[in-house]
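Listed here are the chains, written in short residue letters.
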Amino acid sequence: MPIRVHKRVAEEIVQAVKDVCGHDINFIEPSGRIFASTNPVRVGQYHEAARKAAKTGETLEVLQAEDYFGTQPGVNIPLSHEGETVAVIGITGEPEEVRKYGVLAQKITALILREHELERQSSTERAQMDHVVRALALGEHLNYDYYREFMERHRVDLEGIHTAVILRTHSGDKNLTRLKGEITGIIRRLGIALYTFCYPHEFILLPEPEQVAPLLEAVTALEREFPGAVRAAVGSREQLSRQSRSYEAARIALHALAPGACVAKFEDLDLEILLGSIPAEAQERFRERTGTAVLPEKDQTLLRTYFASGCSLKQTCELLYLHKNTLQYQLDRIHRETGYNPRSFADAVVLYLALKLR
């Protein structure tokens with residue numbers, strides 16, 4: 001039967017056994033073809049003795065090369081995995097000398113095969129997790145039987161309440177690899193069962209309600225260690241089957257994140273909920289129409305401060321360390337450049353919304 005062991009694994013096995021016994025090692029398919037060897041010349045050659053050992057399931061010693069086609073003196077040990085012979089390990093050398101390495105070769109091979117089997121299982125489980133979490137977050141179809149079995153395996157209540165959380169990393173951070181490792185460590189430490197990473201910079205988590213607060217505390221601490229490198233947005237509390245609604249809420253919160261802030265929660269929003277439902281193209285056209293799309297950052301900061309202070313000239317001057325006349329001049333200049341007067345209620349609402357859209 002065809003070999004089920006990956007080429008890289010077979011090469012790892014022959015090298016590991018050779019490192020212990022010092023003799024050339026062949027990893028041979030049950031069909032007799034040498035699949036991997038510490039003697040590269042022999043790869044692909046037919047090994048009659050190994051073929052026989054695979055058929056009988058018993059170790060076969062070769063005293064002379066002429067006894068079997070394509071062989072050299074040595075010991076050929078069949079390897080069983082999950083009740084089937086998957087390969088034969090051939091140790092080249094005088095049988096009297098290499099026989100003692102047979103059991104050791106079997107143990108080394110079994111350990112390496114088991115390690116890679118666990119690796120494959122872990123990789124498959126991770127892929128399934130990515131698929132399920134993304135489908136839930138994006139509202140994609142999931143086979144119900146598969147979905148139920150997956151959640152039962154991970155001990156997740158199908159009727160439970162969860163909250164989508166987006167963790168966005170800064171792609172330009174020089175410590176990005178370490179940062180991602182720290183985030184994964186936080187997720188595992190808090191026991192958050194459902195999460196995925198969307199390359200290149202977004203984690204999607206579906207924690208239970210009681211896990212959200214400690215998660216945000218950990219992210220805030222991480223932000224202090226990596227300033228500006230991670231942002232968190234929390235969606236609405238929803239049943240597991242409605243996490244696409246929660247994820248969309250988290251996206252709105254992320255969009256509404258205040259400059260310099262680390263965390264945004266959907267439950268703290270009001271006007272942003274409405275603005276977040278406006279298509280991106282319409283938002284951009286509105287900003288272009290109001291002139292805020294081309295306003296210098298310093299003017300946008302001035303307007304935000306002015307609006308945050310309730311359009312109070314006195315408070316704005318105190319916050320920005322400006323003279324009243326200077327502030328009035330700058331507001332008049334913004335009026336001339338945009339066509340909207342920040343000191344007029346109706347015009348101020350338009351400018352306020354335009355800045356909120358950004």
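Before reading further, recall that the structure is shown in the block above.
Residues numbered from 1 in each chain as written. Predicted model: local features only at pLDDT ≥ 70, side-chain atom pairs only at ≥ 80, totals over all residues. Heavy atoms only, no water.

**Structural notes on the side chain of Glu-223**
Under the convention used in this document: Under the scheme used here, helices are H or I runs from DSSP no shorter than 4 residues and strands are E runs no shorter than 2 residues, and both carry numbers assigned from the N terminus. Here the term buried applies to any residue with accessible area under 20% of the maximum for its type, exposed to any over 50%, and partly exposed to those in between, with areas from a 1.4 Å probe on protein chains only. Two N or O atoms form a polar contact when they lie within 3.5 Å of each other; inside protein one atom must be a possible hydrogen donor and the other a possible acceptor, and for residues adjacent in sequence the pair counts only when both atoms belong to side chains. Should any heavy atoms of two residues lie within 4.5 Å, those residues are considered in contact.
On the secondary structure map, Glu-223 appears in helix H7 (residues 209-225). Judged by its relative accessible area of 14%, Glu-223 is buried. A distance of 2.9 Å separates a polar side-chain atom of Glu-223 from the backbone nitrogen of Gly-228. With residues up to four places along the chain from it excluded, the contact list for Glu-223 reads Gly-228, Ala-229, Val-230, Arg-231 and Cys-262.

**Focus: the state of the cysteines**
Stated formally: Any pair of cysteine sulfurs within 2.5 Å is marked as a disulfide.
Inspection of the entire model under this criterion finds zero disulfides. Unpaired in terms of disulfides, Cys-198 finds its nearest cysteine sulfur in Cys-262, a separation of 19 Å. The structure places no disulfide on Cys-311, whose sulfur is separated from the nearest cysteine sulfur, that of Cys-317, by 13 Å.

**Some points on a negative patch on the surface**
Counted only if it meets this: Put simply, a patch holds well-exposed residues, over 30% relative accessible area, that have no salt bridge, with like charges counted together within 9 Å and Val, Leu, Ile, Met, Phe, Trp or Tyr side chains within 5 Å. Computed by Shrake-Rupley with a 1.4 Å probe, the accessible areas treat only the displayed protein chains as cover when residues are assessed. The term salt bridge refers to a side-chain nitrogen of Lys or Arg lying within 4 Å of a carboxyl oxygen of Asp or Glu. We count Lys and Arg on the positive side and Asp and Glu on the negative side, and we leave His and both chain ends out. Positions of charges follow a simple convention, taking NZ of Lys, CZ of Arg, CG of Asp or CD of Glu.
Side chains of Asp-157, Glu-159, Glu-208 and Glu-210 sit close together on the surface and give a patch of like negative charge. Topologically, Glu-159 is positioned in the loop between helix H5 (144-153) and strand E6 (161-169). Classification of Glu-159 as exposed rests on a relative accessible area of 54%.

**Some remarks on the pattern of salt bridges**
Scanning the entire structure with this criterion turns up 19 salt bridges. For Glu-61, the salt bridge identified is with Arg-99, shortest N-O distance 2.5 Å. Separated by 38 residues along the polypeptide, Glu-61 in strand E3 (residues 60-62) and Arg-99 in the loop between helix H3 (95-98) and helix H4 (102-138) bring together distant segments of the chain. The class of Arg-99 is partly exposed, set by a relative accessible area of 38%. Of the charged contacts, one joins Arg-231 and Glu-223 as a salt bridge, the two residues approaching to 3.1 Å between their closest N and O atoms. Each member of the pair, Arg-231 as well as Glu-223, carries the same accessibility label: buried. Overlapping salt bridges, with partners in common, bring together Glu-61, Glu-96 and Arg-99 in one network.

**Regarding the layout of surface pockets**
Where we set the bar: Here a cavity denotes grid points, spaced 1 Å and computed from the protein atoms alone, that fit a 1.4 Å probe unable to get out, and a pocket denotes an open set having protein on both sides within 12 Å along at least 5 of 7 lines; residues with an atom within 4 Å of a point are the lining. Grid points are joined across faces, edges and corners, and a volume is the space filled by probe spheres set on the points. Ten residue types, Ala, Val, Leu, Ile, Met, Phe, Trp, Tyr, Cys and Pro, are classed as nonpolar, four, Asp, Glu, Lys and Arg, as charged, and the remainder, Gly among them, as polar.
Empty space within the largest pocket amounts to approximately 650 Å³. Surrounding the largest pocket, 24 residues form its lining, Ala-256, Leu-257, Ala-258, Pro-259 and Arg-304 being those nearest its centre. Of all the secondary structure elements, the ones that give two or more residues to the lining of the largest pocket are helix H8 (243-255), strand E10 (263-265), helix H9 (271-275), helix H11 (297-308) and helix H14 (345-357). A total of four residues in the lining of the largest pocket trace back to one element, the largest contributor, which is H11. Residue composition of the lining of the largest pocket, grouped by class: 14 nonpolar, two polar and eight charged. Taken as a whole, the second largest pocket holds about 350 Å³ of empty space. What lines the second largest pocket is a set of 15 residues, among which Arg-168, Arg-251, Leu-254, His-255 and Leu-257 lie closest to the centre. For the lining of the second largest pocket, the secondary-structure elements that each account for two or more residues are E6, strand E9 (230-239) and H8. The greatest single-element share of the lining of the second largest pocket, amounting to five residues, is contributed by H8. For the lining of the second largest pocket, the residue count by class is five nonpolar, six polar and four charged.

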